[in-house]
Amino acid sequence: MFMEDLAEELEALDDEEEKERRIELWIDNRDTQLSEQGEIHANVGDELEELGNEVDRVVSVSDDPDEADEVVTIEPEEPAGENGSDSVAPDADDGVSNGGEPTPEGVTAAKTPEYTITLSTQGYENDGYVDQMKNDLKRRGADVGADAITTPVEGYTNYLQTQYDVPKMWVDEDVGRVHLQHGEHHRILTADHEPSPEVLDAALENIEDYVETIDRWGETNNPRAVKAHMYEGILYGLWAPFVNLYARQFYGSVTLDNALQYLYIFGESDAGKDKFSEFVLRLVSDDLVRGGADADDVGKNQIRSLRNIDTVFPYVVSDISKQKIERIDTLRNFWQDSWHPSNEVAYPTVIFTSNDSRPNDWFRNRAKMLHFDVAFPSNPEDEGFYKAQEDLNEILDARNPIFSYVSRRILDDEMYLDAGGTVDDVRQVFLDFYEQAGREQPKYFPEEPANRRFNIGKRKWRQACERGDVEFERREDHLIADFDLEPHELYSYRKTLPTKMRPEKSGRNIIVKNPDDFEEWLDMDDLTANDEDSSSGILGRLLG
């Protein structure tokens, strides 16, 4: 940082102690914008990027030595050296890697068992984050000296996974690659070629087989809606690693926390939410990652740490209660309070699964809400339990390279530069893939956001109208919904309404202060499993 940049920083600060801290960091040639935790993990990220470049060089083989970056000899069985090219070996035994399945086309796999990274510990406070990290890494084989820590890559990434429930993933924009380091396993999760129609067809078939377990084993009154919601969640998961690229484009023009939504999936305990998380995590990690964080371990400190550990891998929290979400106020301004385009630290997206339907308004304004309104066999006594498990496991175990081709398209076409969408960009990629594969697009594929097309709250209101549980009356500029229900039953109806309608509950009434939007919302889409618009104009009829 130049002196004039430091001067600008200091001028913007009122806190004298913070000014002194920034000056000390600048003197020590350290990043004045980052916390100690963020600085350490950003420095590790720089070293891992060098490792990623080395993997890209060594594993990308050319038949012509004159075209190669360098000529190396790889000994897969006995990798040698410490930080040279011989420390990188293909992650394969006869082409087979993790889990006994062949590494899928489009994914580059390597092992880095001898590679180490060195972190300077000079200038950091005693008893701070570095000292805590130092003790943990030492137990994982690190060499801790007076001024530096030298640790195997595997030790660092295992530390990250244990402490924060995410692996190290980053996007190298210079060469258009997504990298993942998980233990000693390194993946380049961006294909270096266009997929063949046959590869795309098989990848799409695998996703459809998973979604269609709803037809084979699930019990639901709304199969098309649930399948659309499930597919929407998959599209979100495949978009998630690129969130920082979109943040850069949105910065300064929109509120980041509203544009870069969390994903919130709710349903009963047997709705398949955990298996969904596993399916998505395996898709974006070439089968290396299968689980996320337990809600019992998640609080404000854990969420804050996500802004410092420099990974773009989606952070998945299973079985969280809406009460706990509402207590983690860090989620209100996860991006807006601290993210900046000049940051050296990347943030992950956050995916929640829950049995609870509707958190508070502030969270719903920041989340894509998906409802898995389905029940799968969950006990050995349930009919079809064993066959359903066998079917599902076979689908989960199939290696699917779809993410490598999504990442190629997003990065090569720089789709994020348009700043016109987020998950919609992956949606368009999938529409192109169906056409390229010559595969018929399933009717449940969400051509528009499933949470808008198949809105669960909207269906709840329509059903109340059809049963005669509610009558409407206009009073001046407001719409009064008068329910023939107990007052406590109205809370669920109020929570389903978009906040822009400004609903209020009063006894057995819900007062809608924006009635025109309400009427448009209620009549807008077909929520049934077929294409019959049986409830079109329902509010108009009720109001006469």
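A. Spotlight on the layout of surface pockets. The space that makes up the second largest pocket amounts to roughly 540 Å³. Lining the second largest pocket are 27 residues, and of these Glu49, Val171, Asn343, Glu344 and Ala346 sit closest to its centre. Within the residue set of the lining of the second largest pocket, elements represented by two or more residues are α3 (36-59), β8 (168-172) and α9 (243-250). For the lining of the second largest pocket, the leading source of residues is β8, giving five residues. Residues that form the lining of the second largest pocket fall into these classes: twelve nonpolar, six polar and nine charged.

B. Examining the sheet that holds strand β6 (residues 143-144) more closely. Pairing in this open sheet of three strands is antiparallel, and the strands run β5-β7-β6 from one edge to the other. One side of each edge strand has no neighbouring strand; the edge strands of this open sheet are β5 (116-120) and β6. Pairing between β5 and strand β7 (residues 148-152): five bridges, direction antiparallel. The residue of β7 that forms the bridge with Ile117 is Thr151. Strands β5, β6 and β7 of the sheet are contacted by helix α4 (residues 129-139), whose axis makes an angle of about 40° with β7.

C. Inspection of a negative patch on the surface at higher detail. Taken together, Asp46, Glu49, Glu50, Asp174 and Glu344 make up a surface patch of like negative charges. Examined against the element boundaries, Asp46 turns out to sit in helix α3.

D. View of unusual backbone geometry. Even without being glycine, Asp310 reaches a positive phi, approximately 60°. Mapped onto the fold, Asp310 is located in the loop between α12 (300-305) and β13 (315-318). Classification of Asp310 by relative accessible area gives buried; the value is 11%. Here Glu476, not a glycine, exhibits a phi torsion of approximately 55°, which is positive. Tracing the chain through its elements places Glu476 in the loop between β16 (470-475) and β17 (478-483). Judged by relative accessible area, Glu476 falls into the exposed class, the value being 81%.

E. Region of the structure containing the pattern of salt bridges. For the coordinates displayed, the defined rule picks out 33 salt bridges. Lys227 is paired through a salt bridge with Asp215; the nearest N and O atoms lie 2.9 Å apart. Here Lys227 is found in helix α8 (residues 223-239), whereas its partner Asp215 is found in helix α7 (residues 213-217), with twelve residues between them in sequence. Using a relative accessible area of 10% as the deciding quantity, one classes Lys227 as buried. The salt bridge involving Arg290 is made with Asp287; its shortest N-O contact spans 3.1 Å. With a relative accessible area of 6%, Asp287 lands in the buried category. When salt bridges that share partners are traced, they join Lys275, Glu278, Arg282, Asp287, Arg290 and Asp397 into one network.

Calculation criteria
- Residues numbered from 1 in each chain as written.
- Predicted model: local features only at pLDDT ≥ 70, side-chain atom pairs only at ≥ 80, totals over all residues.
- Heavy atoms only, no water.
- 1 Å grid on protein atoms, 1.4 Å probe; cavity = no way out; pocket = protein on both sides within 12 Å on 5 of 7 lines; lining within 4 Å.
- Points joined across faces, edges and corners; volume = space filled by probe spheres on them.
- Helix = DSSP H or I, 4+ residues; strand = E, 2+ residues; numbered from the N terminus.
- Nonpolar A, V, L, I, M, F, W, Y, C, P; charged D, E, K, R; others polar.
- Pairing = 2+ DSSP bridges.
- Contact = heavy atoms within 4.5 Å.
- Axes fitted to C-alpha atoms, helices over the stretch in contact; angles between N-to-C directions.
- Patch = residues over 30% accessible without salt bridge, like charges linked within 9 Å, V, L, I, M, F, W, Y side chains within 5 Å.
- Areas by Shrake-Rupley, 256 points an atom, 1.4 Å probe, with all protein chains shown as cover.
- Salt bridge = Lys/Arg side-chain N within 4 Å of Asp/Glu carboxyl O.
- Lys, Arg positive; Asp, Glu negative; His and termini not counted.
- Charge placed at Lys NZ, Arg CZ, Asp CG, Glu CD.
- Buried < 20%, exposed > 50% of the residue type's maximum accessible area, 1.4 Å probe, protein only.

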